[in-house]
Amino acid sequence: MRKLVIQIPCFNEEETLGATLNALPKKLPSIDKIEVLVIDDGSTDKTVEIAHAHRVSHVISLPRNRGLAVAFSSGLEESLRVGADIIVNTDADNQYSADDIATLIEPVVAGKADMTVGARPIADIDHFSFTKKILQRFGSSVVRWASNTDVEDAPSGFRAISRRAAQQLHVFSDYTYTLETIIQAGQKGMTVRSVPIRTNGPTRPSRLIRSVGSYVRHSATTIVRIFITYRPFRFFSAVGLTTTFIGIVPGVRFVYFFVSGDGSGHVQSLILSSIFILLGFFILLTGVLADLIAVNRKLLEQVHYRIQQLEDRMAERLSTVPRAEGDGSHEQ
């Protein structure tokens with residue numbers, strides 16, 4: 001039996017959650033069971049009451065507002081715990097068309113993708129400013145480079161994830177999961193595909209993008225951080241070699257003047273060259289150490305994934321064991 005869990009991270013979504021839940025599909029091709037999970041990220045309004053009123057399958061509440069990334073991660077963990085084979089993440093503001101869930105999960109159901117990301121028609125969305133459209137395109141291109149994937153709309157939160165992929169994703173950021181999970185998936189060799197989707201009209205302003213500068217800063221930090229986490233030597237070697245090359249230039253200048261008999265007046269070039277070359281060496285050494293740490297982290301992640309697989313097999317075996325009708329202790 002294939003189970004789909006639709007998870008919805010929420011923070012004070014009493015005005016939009018009802019419409020979002022009403023739009024969710026009740027049946028889908030190749031899916032035997034659909035369950036809905038609402039992650040309450042410390043809401044202070046009636047979000048939880050509305051979730052229960054719509055009789056969603058699962059509701060988990062975080063003790064305080066932890067942010068979208070934490071809510072997403074908590075949802076993945078709970079979805080796996082309740083036996084999801086496929087997990088769909090969508091927003092509580094009804095931004096994404098729930099009718100496209102069937103299209104979104106199709107590559108995952110067919111085994112052609114570990115993760116699919118809904119690609120919004122950015123150019124046709126009227127309420128997106130010109131600046132936001134440019135940033136979205138630029139950010140997605142950077143994520144494509146960092147992840148080695150062909151994702152068209154990296155910030156999109158409408159995505160489907162296989163159980164196997166969800167077990168291997170670890171979100172470190174406390175801001176957003178969208179960019180980080182794509183880069184992680186790509187660096188781990190997962191197949192990530194874009195699926196064209198439709199969007200609904202805006203129901204409220206974005207809570208994630210409070211200002212362009214803040215969003216760019218957080219996004220850039222996330223991309224650099226996750227790239228360093230999974231390709232540390234490549235990052236530090238590029239910085240270290242660049243620093244070393246910068247140091248070689250004044251060094252060559254000093255040698256030129258020294259050979260010309262005027263080296264005493266250019267000692268500053270020698271000092272500057274020595275500083276940059278030593279700095280480049282230490283950066284390269286840092287890259288080597290970071291790479292060794294990354295190897296150890298990957299081994300730990302593989303162990304964690306194997307443990308989850310063993311737990312799945314044990315749960316499957318227990319579910320097939322016939323229950324005894326009695327324990328033989330009936331009194332005559």
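Placed above this text is the structure.
Here goes a summary of the coordinates provided. (Residues numbered from 1 in each chain as written. Predicted model: local features only at pLDDT ≥ 70, side-chain atom pairs only at ≥ 80, totals over all residues. Heavy atoms only, no water.)

## Digging into the overall build of the protein chain
Now for step 1: Counting secondary structure elements, the protein chain contains 10 helices and seven strands.
Now for step 2: Scaling as 2.2 N^0.38, a compact globule of 332 residues should have a C-alpha radius of gyration of about 20 Å, whereas the protein chain reaches 26 Å, well beyond that.
Now for step 3: The principal-axis extents of the C-alpha atoms in the protein chain amount to approximately 110 × 60 × 40 Å.
Now for step 4: Here the protein chain, with 332 residues, has 46% of them falling under the buried criterion.
Now for step 5: Counting contacts in the protein chain only where the partners sit at least 6 residues apart, residues at least 24 apart contribute 74% of the total.
Now for step 6: Carbon together with sulfur atoms contributes 58% to the accessible area of the protein chain, which is approximately 18400 Å² in total.
Now for step 7: Charge separation in the protein chain, taken as the distance between the mean sites of 36 positive and 34 negative side-chain charges, equals 5 Å. (Helix = DSSP H or I, 4+ residues; strand = E, 2+ residues; numbered from the N terminus. Rg over C-alpha atoms; globule rule 2.2 N^0.38 Å. Buried < 20%, exposed > 50% of the residue type's maximum accessible area, 1.4 Å probe, protein only. Contact = heavy atoms within 4.5 Å. Areas by Shrake-Rupley, 256 points an atom, 1.4 Å probe, with all protein chains shown as cover. Lys, Arg positive; Asp, Glu negative; His and termini not counted. Charge placed at Lys NZ, Arg CZ, Asp CG, Glu CD.)

## A closer look at the pairing of strand β5 (residues 115-119)
Now for step 1: Most of β5 is tucked away, with five of its five residues classed as buried.
Now for step 2: Of the two faces of β5, the one lined by M115, V117 and A119 and the one lined by T116 and G118 are each fully buried.
Now for step 3: Here β5 runs beside strand β6 (residues 159-162); their pairing, made up of three bridges, is antiparallel. What sits directly across from M115, in β6, is I161.
Now for step 4: Pairing between β5 and strand β7 (residues 192-196): five bridges, direction parallel. In the sheet register, T116 faces β7, and the bridge partner there is R193. (Pairing = 2+ DSSP bridges.)

## Regarding the packing of helix α5 (residues 130-147) against helix α7 (residues 178-187)
Now for step 1: At a closest axis distance of 8 Å, the pairing of α5 and α7 adopts a crossing angle of 30 degrees. With respect to α7, the element α5 is oriented roughly parallel. As α5 packs across α7, the resulting crossing turns out to be right-handed. Of α7, the residues touching α5 (which contributes V143, A146 and S147) are L179, I182, I183, G186 and Q187.
Now for step 2: Taken together, the residues that form the contact of α5 with α7 break down as five nonpolar, three polar and no charged. (Axes fitted to C-alpha atoms, helices over the stretch in contact; angles between N-to-C directions. Parallel < 35°, antiparallel > 145°, perpendicular 65-115°, else oblique. Left-handed = near helix turned anticlockwise from the far one by under 90°. Nonpolar A, V, L, I, M, F, W, Y, C, P; charged D, E, K, R; others polar.)

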